[in-house]
Amino acid sequence: MILGFDIICLSLILLCAVLALCIRDLMGSVIVFGAYSFLMCVVWACNGAIDVAFTEATVGAGVGTVFLVSTIYSTTRMDTFKKNRLLKQLFMFVVVCVVGALLLKTVTDLPQWGDANSPANTHLSSYYIENSIDQTHVPNVVTSVLADYRGFDTMFETCVVFVAFIGIFALLRIRKSKSKKAATNQPTTELTLPPHQEVDSLIIKTASHLMVPFMQLFALYVVAHGHYSPGGGFQGGVILGASLILLAVSYNFKKALSILSEKKIILLVSLGVLIYAGIGVICFFLGGNFLDYSVLHKILPATDPIMARSHAMLGVEIGVALTVMVSMYGIYLSLSSNGRFDKGL
Amino acid sequence: MEFIINYYNYIIVVIIMMLGLWGMLALSNLVKKLISMAIFQTGIILFYISMGAKKGASIPIIKQAYDEHHHPIHQTINNMDYANPLTQILMLTAIVVGVATLGLGLALTQRVYSEHKSLHEDEILESLS
């Protein structure tokens, strides 16, 4: 928690945010936005939120940037400039300044930065910190709160990812049967080579081939070791998804779909949610509440109710990782190929 | 000066949120609108994380001591020594859901582009009428 460092980073963040909105080349503004996310991740590490920093580094800066780039690739790169938009922008600037001034006035009512006795830091969160080890044997409080104490929350967040994936899939996929003709004469942008010219670089292929196993091993470690160190299902799942995206980028769509076909993608996304909800339902049948893991010691060998909670958390994290991994991969495939699943970035 | 240092995070939160809001309202490019939405979202996340920070506290992973038989030694855990885990988990899931909604927004943008051949709000409105 280095306050000076925090202040420098936040100032840089402000600069990046302004640049991202002002640069007229969309590609540039996306890259600046990626830098913004990385700086944000440093700020979160400064504020003691190491798990959030990890998530931001993988999700916000990594996969989010990839999604934006693939959209620019399948649409257009330049932001045109028109004078008649300026008046509206100026008017909105005034409106936003008024709102901002009102919000700034309330800032002094908030507790000071780093105040350990503020309401947010005393009531519920202290219970989690003091009881996590005794009740679940999990030192990483973030994981135990995520997967156990607030299990319902995480389950429905996983469902949101699942639904968003299904939405993207349905939105973009629908066009293939409707108007195949319109899809074929998409304008190609100057951003990369035209899609029919396949990029065939030995260096990129070999490098990604060498990197992918280590990325996946690391991702599995992140998922499995989430109880003791920063990490868990969300972060590990995104890294796994990123390794698949790397393969899809360095090879072509045929290779990408040979790893995971469309059918498998949809099945695996649902399987992840099913694992999570299924663990909840098993608890149900063993006589506990939904997602009350402690009753699982009846079927897990050599465990007591406390260790059963720890083990069930791992199962839940695996379900989350599966859903997140496959949905990130599927979203990338849909966005970069404009839903046609034939060729992309 | 003291005021600025104590409330710096919150001041930045307001500025970032207003930048995002301005981008969503004033910019006509759809991709830039989505970037503004993501910027607005990070403003809210920064607000929560700043709330949960404690001066002089460690990350929320409990230091556990073990005896020679690898059994955990019971120890009293002080709330002040660890950053607030609750605000962190709320924001952790918010980031992942944020990127999923960003993807959904981008998919909608692509659909709009394939219909109207433009990413600009005013040009799309023109071609609609």
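Residues numbered from 1 in each chain as written. Chains lettered and ligands numbered in written order. Predicted model: local features only at pLDDT ≥ 70, side-chain atom pairs only at ≥ 80, totals over all residues. Heavy atoms only, no water.

**Some points on the pattern of salt bridges**
The full count for this structure, using the stated rule, is eight salt bridges over all chains. With a closest N to O distance of 3.2 Å, B:E121 and A:K88 form a salt bridge. In this pair, B:E121 sits in helix α4 (residues 121–128) while A:K88 sits in helix α4 (residues 86–107), so the two residues belong to two different chains. Taking relative accessible area as the criterion, B:E121 reaches 28% and is therefore assigned partly exposed. Here the salt bridges do not stand alone but share partners, grouping A:R85, B:D122 and B:E123 into one network. (Salt bridge = Lys/Arg side-chain N within 4 Å of Asp/Glu carboxyl O. Helix = DSSP H or I, 4+ residues; strand = E, 2+ residues; numbered from the N terminus. Buried < 20%, exposed > 50% of the residue type's maximum accessible area, 1.4 Å probe, protein only.)

**Topic: a nonpolar patch on the surface**
All names here are of chain A. Taken together, the side chains of I8, L12, L15 and L19 define a hydrophobic patch exposed on the protein surface, amounting to about 360 Å² of accessible area. Along the chain, I8 turns up in helix α1 (residues 3–22). For I8, a relative accessible area of 53% gives the class exposed. (Patch = residues over 30% accessible without salt bridge, like charges linked within 9 Å, V, L, I, M, F, W, Y side chains within 5 Å. Areas by Shrake-Rupley, 256 points an atom, 1.4 Å probe, with all protein chains shown as cover.)

**Notes on the interface of chain B and chain A**
On the chain A side, the residues contacting the 82 residues of chain B number 106 residues. Interface of chain B and chain A: buried area, both sides summed, is about 8,900 Å²; carbon and sulfur atoms make up 73% of it. Taken together, the links from chain B to chain A amount to three salt bridges. The residue B:D122 makes a salt bridge to A:R85 at a minimum N-O spacing of 2.9 Å. Among the elements of the structure, α1 (2–26), α2 (30–52), α3 (85–116) and α4 of chain B are those that each provide at least two residues to the side of chain B that touches chain A. Here the residues of the side of chain B that touches chain A sort into 54 nonpolar, 20 polar and eight charged. (Contact = heavy atoms within 4.5 Å. Buried area = accessible area lost by both parts, 1.4 Å probe. Nonpolar A, V, L, I, M, F, W, Y, C, P; charged D, E, K, R; others polar.)

**Topic: the nonpolar core**
Soluble globular proteins tend to bury their nonpolar side chains together. All names here are of chain A. If you look at the biggest cluster of nonpolar residues, it comprises 127 residues, and the most contacted ones within it are W44 and Y293. Considering each element in turn, this core owes the most residues, 15 residues, to helix α15 (residues 305–336). Discounting residues that sit within four places of it in the chain, Y293 has contacts with A147, D148, Y276, I279, C283, A308, R309, A312, M313 and V316. (Core = buried A, V, L, I, M, F, W, Y, C linked by side-chain atoms within 4.5 Å.)

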